[in-house]
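Each chain, letter by letter, is given below.
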Amino acid sequence: METQRLTAHDIERAAGILTSGGLLGIPTETVYGLGANGLNPDAVHAIFEAKGRPQDNPLILHIPTEDWLERYCEDIPATAYALAARFWPGPLTMILPRKPIVPDAVTAGLDTVGMRCPDCAVTRAVITAADVPVAAPSGNTSGRPSPTTAAAMLEDMDGKIEAILDDGPCAVGVESTIIDLTVIPPRLLRPGGVTLEELEETLGEVEVDEAVRRLMAPGEQPKAPGMKYRHYAPKAPVTVVKGEPSCTAAYIQLKLQQGSGVICFDEFKDSFPDHPVETIGPAADPAAQARHIFEALRAFDHLDVTDIWAQSPSDEGIGLAVTNRLNKAAGFHIVEL
Ligand code: AMP
Ligand code: MG
């Protein structure tokens, strides 16, 4: 199949692909998604096929406005409306009890469903025009870094999807925060663009799922099924070095072998001559690091590196999401200085 390139002028065409059961690459503020009609089990199965995604890893339903929540969820707690009022449209997914209309294919048989209203006007317009919720995971082949541009998504999906809607690079750059509102206290399953600190302002106590900060042991079941899989990984092995930036740079300099690559802050871009270097932004700018982390990881797949050494961001604010993705890319292979 030839994948069509669509723009913001093609909203009706994009909506038609969804209603006829096709796969559509959708822009969002977090990462590009691989979308399909979330009420059509065959279309949803095609998402799993195109990504090579394990069947037990559920998808998120994307809606254009908060008032669609009642179509697909029941027993919605007041906290969901409080979070929607503050953070939607935006990079926040809420886990809520699902209604029977939501197919098992979306939820992997769970009795809950992840709901999100993305901060991307074009995508919301397409969903409104199609008048169906859009089930969408990140638009990468399973296991690879998520795509933050249409070109990155086409590296993985060209020829496998009907079309991709290009709306430029993603503004946030890491996937949505996932908060489970079916438990007390609410539980953070995945850190993202809405920070833990912001959630605590609205919700009070928030529990952080173990899978956010450490590797799950074999047989352990994280609450977000996706968190148990190897993820975001470039082909070469990654080691993350935690500590004060000038110390981590000095440590990495000592460790580099011929063929090693480096992921570093902008300030250190000239510190590793003779090695491929990908910068992720200034050390003190975690929002810039979030925008660049996946492109940096993807870039090494086009370079012939044997291993990758990465300076670790701090884990405050959106930094928690950046370190989570980087640590997962490294299989939690972390050196603490
Ligand atoms: P992706 O869209 O590729 O970022 O993947 C969606 C993430 O949401 C995965 O980590 C899923 O495990 C998680 N997720 C989706 N639905 C649920 C649910 N009902 N309960 C817990 N986690 C979920
Ligand atoms: Mg994903």
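Up top is the structure.
From a predicted model like this one, the values you see are computed outputs, not experimental measurements. (Residues numbered from 1 in each chain as written. Chains lettered and ligands numbered in written order. Predicted model: local features only at pLDDT ≥ 70, side-chain atom pairs only at ≥ 80, totals over all residues. Heavy atoms only, no water.)

Caption draft 1: Quick look at helix α8 (residues 196-203). Looking only at α8, the buried set comprises Leu196, Leu199 and Leu203. One side of α8 holds all its buried residues, which, seen down the axis, span an arc of 60 degrees. Residues of α8 that are buried make contact with α4 (78-87), β5 (92-97), β9 (177-180), β10 (187-190), β11 (207-208) and α11 (319-329). Immediately downstream of α8, the backbone of glycine 204 shows phi near 75 degrees, a positive value. (Buried < 20%, exposed > 50% of the residue type's maximum accessible area, 1.4 Å probe, protein only. Helix = DSSP H or I, 4+ residues; strand = E, 2+ residues; numbered from the N terminus. Arc of directions from axis to C-beta. Contact = heavy atoms within 4.5 Å.)

Caption draft 2: Expanded view of the packing of aromatic side chains. Applying the stated criterion across every chain, the model contains 3 aromatic pairs. Between tyrosine 232 and phenylalanine 294, the ring centres sit 5.2 Å apart and the planes meet at 40 degrees, which makes this aromatic pair tilted. Placement of the pair is tyrosine 232 in the loop between β11 and β12 (238-242) and phenylalanine 294 in helix α10 (residues 286-299), with a sequence separation of 62 residues. (Phe/Tyr/Trp six-rings, centres within 6.5 Å; stacked < 30°, edge-to-face > 60°.)

Caption draft 3: Spotlight on the site of ligand 1. The environment of ligand 1 is made up of 20 residues, and the closest members are Asn57, Thr112, Pro137, Arg190 and Gly226. Take asparagine 57: an N or O atom from its side chain is 2.9 Å from an oxygen atom of ligand 1. At 3.0 Å, a side-chain N or O of threonine 112 approaches a nitrogen atom of ligand 1. Mapped onto the shell around ligand 1, the elements with two or more residues apiece are β6 (112-116) and β10. Classifying every residue of the shell around ligand 1 by side-chain character gives 12 nonpolar, 4 polar and 4 charged. (Near = heavy atom within 4 Å. Polar contact = N/O pair within 3.5 Å; in protein donor to acceptor, adjacent residues only side chain to side chain. Nonpolar A, V, L, I, M, F, W, Y, C, P; charged D, E, K, R; others polar.)

Caption draft 4: How the structure looks around the sheet that holds β10. Ordered by their spatial adjacency, 11 strands build an open sheet running β1-β8-β2-β3-β7-β4-β6-β5-β9-β10-β11, and the pairing between neighbours is mixed. Only two strands of the sheet have a single neighbouring strand rather than two, namely β1 (4-6) and β11. The pairing of β5 with β6 spans 5 bridges and is classified as antiparallel. Along β6, the bridge assignment pairs methionine 94 with methionine 115. (Pairing = 2+ DSSP bridges.)

Caption draft 5: Focus on helix α9 (residues 245-255). Among the residues of α9, those classed as buried are Thr248, Ala249 and Ile252. The arc enclosing the buried residues of α9, seen along the axis, measures out at 100 degrees, which places them on a common side. Those residues of α9 hidden inside the fold are in contact with β12, β13 (260-264) and β15 (307-311).

Caption draft 6: Spatial organisation of the pattern of salt bridges. Scanning the entire structure with this criterion turns up 17 salt bridges. Taking the shortest distance from any N to any O, the salt bridge between arginine 71 and aspartate 131 comes out at 3.4 Å. Residue arginine 71 is found in helix α3 (residues 69-72), and its partner aspartate 131 is found in the loop between α6 (121-130) and β7 (134-136); the two are separated by 60 residues along the sequence. Using a relative accessible area of 35% as the deciding quantity, one classes arginine 71 as partly exposed. The class of aspartate 131 is partly exposed, set by a relative accessible area of 45%. A salt bridge links arginine 144 to aspartate 156; its shortest N-O distance comes to 2.6 Å. Here arginine 144 is found in the loop between β7 and α7 (150-157), whereas its partner aspartate 156 is found in helix α7, with 12 residues between them in sequence. Owing to a relative accessible area of 17%, arginine 144 belongs among the buried residues under this scheme. Since its relative accessible area comes to 8%, aspartate 156 is described here as buried. If you follow the salt bridges from partner to partner, you end up with Arg144, Glu155, Asp156, Arg298 and Asp301 in one network. (Salt bridge = Lys/Arg side-chain N within 4 Å of Asp/Glu carboxyl O.)

Caption draft 7: Up close: the packing of α10 against α11. One way to put it is that α10 packs onto α11 with a least axis distance of 9 Å and a crossing angle of 20 degrees. Classified by the angle their axes make, α10 and α11 are roughly parallel. Where α10 crosses over α11, the handedness of that crossing is left-handed. Contact residues: α10 offers Pro286, Gln289, Ala290, Ile293, Phe294 and Leu297, while α11 offers Gly319, Val322, Arg325, Leu326 and Ala329. For the contact of α10 with α11, the per-class residue count stands at 8 nonpolar, 2 polar and 1 charged. (Axes fitted to C-alpha atoms, helices over the stretch in contact; angles between N-to-C directions. Parallel < 35°, antiparallel > 145°, perpendicular 65-115°, else oblique. Left-handed = near helix turned anticlockwise from the far one by under 90°.)

Caption draft 8: Geometry of the sheet that holds β12. Ordered by their spatial adjacency, 5 strands build an open sheet running β14-β13-β15-β12-β16, and the pairing between neighbours is parallel. Strands with a single pairing partner mark the edges of an open sheet, and in this sheet they are β14 (277-279) and β16 (334-336). Strand-to-strand, the axes of this sheet are offset by a mean angle of 20 degrees, without reference to chain direction. Here β12 pairs with β15 via 4 bridges, running parallel. Within β15, the position partnered with valine 241 by the bridge is glutamine 311. Against the sheet, α9 contacts β12, β13, β15 and β16, and its axis sits at roughly 165 degrees relative to β15. Sitting on the sheet, α11 touches β12, β15 and β16, and the angle it makes with β12 is about 140 degrees.

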